Amino acid sequence: MRVIVTGGAGFIGSALVRHLVLDRGYDVLTIDALTYAGNLASLKPVEGRGNHHFLRADIRDGAMMAQAMATFRPDRIMHLAAESHVDRSITGADDFVQTNVLGTFALLEAARAYWDGLDVRARAGFRFLHVSTDEVYGSLGLSRTHLFREDTPYDPSSPYSATKAASDHLAKAWQRTYGLPVVVSNCSNNYGPCHFPEKLIPLTILNALEGRELPVYGRGDNIRDWLYVEDHVRALDLIAAKGRVGETYNVGGRNERRNIDVVRAICHVLDRLCPGPTARESLIRFVPDRPGHDARYAIDASKLENELGWQAYETFETGIEKTVQWYLENPGWWQPLRQNYDGQRLGLLDQCA
Ligand code: NAD
Ligand code: TYD
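An account of the accompanying structure is given in this report. Sequence order sets the numbering: in each chain, residues are counted from 1 along the sequence as written. Going through the entries in the order they are written, you letter the chains from A and number the ligands from 1. Local features are withheld for residues below a pLDDT of 70 in this predicted model, meaning they are given only at 70 or higher, and side-chain atom pairs are given and counted only at 80 or more; totals for whole chains, interfaces and linings count all residues. Heavy atoms throughout the structure, all of them, feed into the side-chain values; hydrogens and water do not.

Not every one of the 29 residues close to ligand 1 is listed here, only the nearest: Ile12, Asp32, Ser84, Tyr160 and Lys164. N or O atoms closer than or at 3.5 Å make up a polar contact, with two conditions inside protein: a donor-capable atom paired with an acceptor-capable one, and, for residues adjacent in sequence, both atoms drawn from side chains. Gly10 is positioned with one of its backbone polar atoms (N or O) 3.0 Å from an oxygen atom of ligand 1. Take Ile59: an N or O atom from its main chain is 3.0 Å from a nitrogen atom of ligand 1. Across the complex, the protein chains shield 96% of the 830 Å² of accessible surface that ligand 1 would expose by itself. Looking at the shell around ligand 1, the elements with two or more residues in it are helix 1 (11–23), strand 5 (127–133) and helix 6 (159–178). All amino acids are sorted into three groups, where Ala, Val, Leu, Ile, Met, Phe, Trp, Tyr, Cys and Pro are nonpolar, Asp, Glu, Lys and Arg are charged, and the leftover types, Gly among them, are polar. Its residues assigned to classes, the shell around ligand 1 shows 14 nonpolar, 12 polar and three charged. Nearness is judged by heavy atoms alone; a residue qualifies as near a molecule or strand once a single heavy atom is within 4 Å of it. Per-residue and other accessible areas were derived by the Shrake-Rupley procedure at a 1.4 Å probe size, with only the shown protein chains allowed to occlude residues. Only DSSP runs of H or I covering at least 4 residues are called helices, and only runs of E covering at least 2 are called strands; the numbering of each starts at the N terminus.

What follows is the structure, given as structure tokens:
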């Protein structure tokens with residue numbers, strides 16, 4: 001099996017590449033532009049493996065994408081490259097439109113030309129998995145009565161989710177119009193190793209470890225449905241292999257938590273694994289809310305579970321323990337990022353306030 005993974009130096013992409021190369025033994029070409037979110041340190045475990053190749057390239061470069069496909073001759077393309085942080089999309093949406101919309105368009109066009117040139121058997125087996133987010137569905141009420149299903153109407157709130165929604169529509173249209181064998185996945189919030197420390201969970205772990213304030217937007221009662229990243233990448237492998245062409249599969253672990261409870265849980269795990277001078281909860285600070293902040297996300301994953309037999313292995317409790325442990329054991333991964341990132345974070349908060 002020969003697989004191109006775009007965005008393979010990012011958080012989820014690198015977990016996927018590690019899984020495909022090390023556990024599945026596939027031949028993988030990682031394509032990544034190495035933006036601020038891309039990190040070759042996340043690919044260290046596959047370094048030197050004969051079945052892993054890396055190309056630094058921008059997915060908007062259609063000619064380069066076409067050349068990579070012609071040379072590598074993939075059976076599958078798993079498309080994860082994106083701008084992914086909601087706060088950044090609020091303070092500057094341009095990169096989001098560029099990569100998430102125009103980049104996906106360029107990649108789809110290159111994939112269509114490549115697929116058109118395959119023989120009948122290879123054409124039938126080829127898959128383009130477009131990896132997306134549950135944020136395209138907008139916000140659920142806090143009452144915990146409804147879940148996002150595959151037929152929930154799109155209603156994105158942020159520039160990030162709007163550009164992801166646009167890219168989902170492009171991917172679906174390339175299937176319906178041109179027959180490109182596209183499958184789409186929409187997943188809830190991920191967490192785990194190699195997560196860039198601007199997102200809630202890694203930011204909280206590292207700030208708490210360093211005795212710094214833990215910013216919680218609004219009153220901390222927004223709800224997210226958390227999935228351990230390794231459960232997500234197993235789902236992606238399964239959807240690419242067995243998902244029906246033209247279909248969407250929602251991915252989620254049935255782990256809804258209020259943000260404040262997530263932050264408290266991290267404090268408790270850290271206090272136990274690495275006791276500090278005071279209880280970490282004392283570092284929590286409620287800060288001005290994110291504009292357009294979605295109240296709740298929650299996934300109904302029963303299509304994926306029933307049709308493809310997927311299940312999440314990790315509960316939130318086991319996953320968060322593993323995650324905190326990973327950050328404690330891998331300062332070499334995050335320390336350089338923390339040094340570079342600090343100033344940018346302050347800028348973001350000012351503009352969101
Ligand atoms: P990430 O920000 O950690 O990584 C994105 C990667 O894409 C980086 O390595 C970056 O260098 C690369 N990239 C960005 N622009 C590029 C371009 N123009 N050309 C080539 N590479 C480029 O993101 P992530 O959290 O790993 O998310 C991966 C995918 O999964 C995204 O499509 C995202 O929308 C989706 N997703 C994320 C979550 C989550 O909780 N993180 C949940 C559901 C879906
Ligand atoms: P985030 O990790 O940015 O993911 P997303 O916006 O894609 O859900 O944020 C998760 C939740 O945590 C979201 O409701 C915003 C909130 N949040 C904070 O309360 N404080 C923070 O410093 C950050 C980054 C997020």
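Near ligand 2 lie 18 residues; those nearest to it are Glu135, Tyr217, Arg224, Arg290 and His293. Contacts to ligand 2 include Tyr217, whose backbone N or O atom sits 2.8 Å from an oxygen atom. Arg290 places a polar side-chain atom, nitrogen or oxygen, 2.5 Å from an oxygen atom of ligand 2. Bound to the protein, ligand 2 loses 97% of the 510 Å² it would expose on its own.

Moving on to the sheet that holds strand 11 (residues 248–251). Adjacent strands of a sheet pair through backbone hydrogen bonds, lying either parallel or antiparallel. DSSP bridges decide pairing: two strands pair if at least two such bridges lie between them. In space, the seven strands of this open sheet follow the order 3-2-1-4-5-6-11, with parallel pairing throughout. Two strands in the sheet have a free side with no partner beyond their single neighbour: strand 3 (52–56) and strand 11. Neighbour to neighbour, the strand axes of the sheet diverge by 20 degrees on average, direction disregarded. As paired strands, strand 5 and strand 6 (residues 182–187) are joined by six bridges and run parallel to one another. Residue pairing for strand 6: Thr133 is matched across the bridge by Cys187. Residue contacts follow a heavy-atom distance rule, with two residues in contact if any of their heavy atoms lie within 4.5 Å. Orientation is described by lines fitted to C-alpha atoms, with helices fitted over the stretch in contact, and by angles between N-to-C directions that extend from 0 to 180 degrees. Contacts from helix 1 reach strand 1 (2–6), strand 2 (27–32), strand 3 and strand 4 (76–79) within the one sheet, and its direction differs from that of strand 1 by about 165 degrees. Those strands touched by helix 6 are strand 5, strand 6 and strand 11, and its axis lies near 160 degrees from that of strand 5.

The terminal C-alpha atoms of helix 6, which comprises 20 residues, lie 28 Å apart, in line with the 28 Å expected from a rise of 1.5 Å per residue. Categorising residues by exposure relies on relative accessible area from a 1.4 Å probe, with only protein chains included: less than 20% of the type maximum marks a residue as buried, more than 50% marks it as exposed, and the intermediate range marks it as partly exposed. Tyr160, Ser161, Thr163, Lys164, Ala165, Ser167, Asp168, Ala171, Lys172, Trp174 and Gln175 are the residues of helix 6 that are buried. In this scheme, a helix's expected span is set at 1.5 Å multiplied by one less than its residue total.

Another aspect to go through is the packing of aromatic side chains. Stacked, edge-to-face and tilted labels apply to pairs of Phe, Tyr and Trp rings (six-membered ring for Trp) whose centres lie within 6.5 Å, assigned for plane angles under 30 degrees, over 60, and everything in between, in that order. Taken as a whole and assessed by the stated rule, the structure comprises 14 aromatic pairs. Arranged with centres 5.6 Å apart and planes meeting at 85 degrees, the rings of Tyr137 and Tyr154 form a pair that is edge-to-face. Of the two residues, Tyr137 sits in the loop between strand 5 and helix 6 while Tyr154 sits in the loop between strand 5 and helix 6, which places them 17 residues apart along the sequence. With relative accessibility at 28%, the residue Tyr154 sits in the partly exposed group. Ring geometry for Tyr191 against Tyr228: centres 5.6 Å apart, planes inclined by 70 degrees, an arrangement best described as edge-to-face. Linking Tyr191 in strand 7 (residues 190–191) with Tyr228 in strand 10 (residues 227–228), this pair joins segments that are 37 residues apart in sequence. The residues Tyr191 and Tyr228 share a single accessibility class, namely buried. A cation sits over an aromatic face here: Arg88 above Tyr36, 3.5 Å from the ring centre. Geometrically, a lysine NZ or arginine CZ counts as sitting over a ring once it is within 6 Å of the ring centre and also within 35 degrees of the ring normal.

Keep in mind these values describe shape, not function.
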